[in-house]
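These are the residues of each chain, in order.
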Amino acid sequence: MPKMKTKSGVKKRFRVSAKGKVMSAQAGKRHGMIKRTNKQIRNLRGTRALSDADGRIVKKFMPYG
C-alpha cells in the first residue's frame, strides 16, 4: 500500500497542536487595515484553533499530521 499524499495547500495553511486541535492563522489581515481599529488588528495576530467540525474536514487532507 503506497503512502497517502497530504494536500499541499493544507500543509501550508494548518498545523496540528499537541492536543490534536487544528490551528490556523487568523483571517482578516490581508488588506483593508485602514478601516480596522488598532484593537481589531492587534486581536487578529497569531493563530486560532478551528472548530471541531472544520478541524475534522482539514484532518482528512493531512493523513500523517
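Above: the structure in question.
Residues numbered from 1 in each chain as written. Predicted model: local features only at pLDDT ≥ 70, side-chain atom pairs only at ≥ 80, totals over all residues. Heavy atoms only, no water.

J.: Help me get a handle on the environment of L44, residues and values and all.
T.: Structurally, L44 is set in the loop between α2 (38-43) and β3 (47-49). In sequence terms L44 and G28 are 16 residues apart; their C-alpha atoms lie 7.3 Å from each other. Beyond its immediate stretch of four places on either side in the chain, L44 contacts Q26, A27, G28, K29 and R36. (Helix = DSSP H or I, 4+ residues; strand = E, 2+ residues; numbered from the N terminus. Contact = heavy atoms within 4.5 Å.)

J.: Go over the environment of I34 with me, naming the residues and quoting the values.
T.: Here I34 is to be found in the loop between β2 (22-25) and α2. Of the residues examined, I34 reaches a relative accessible area of 84% and is grouped as exposed. Taking the C-alpha atoms as reference points, I34 and R45, eleven residues apart in sequence, are found 16 Å from one another. (Buried < 20%, exposed > 50% of the residue type's maximum accessible area, 1.4 Å probe, protein only.)

J.: I'd like a description of a positive patch on the surface, backed by residues and values.
T.: On the surface, a cluster of positive charge is made up of K11, K12, R13 and R30. Among the structural elements, K12 can be located in helix α1 (residues 8-13). A relative accessible area of 66% places K12 in the exposed class. (Patch = residues over 30% accessible without salt bridge, like charges linked within 9 Å, V, L, I, M, F, W, Y side chains within 5 Å. Areas by Shrake-Rupley, 256 points an atom, 1.4 Å probe, with all protein chains shown as cover. Salt bridge = Lys/Arg side-chain N within 4 Å of Asp/Glu carboxyl O. Lys, Arg positive; Asp, Glu negative; His and termini not counted. Charge placed at Lys NZ, Arg CZ, Asp CG, Glu CD.)

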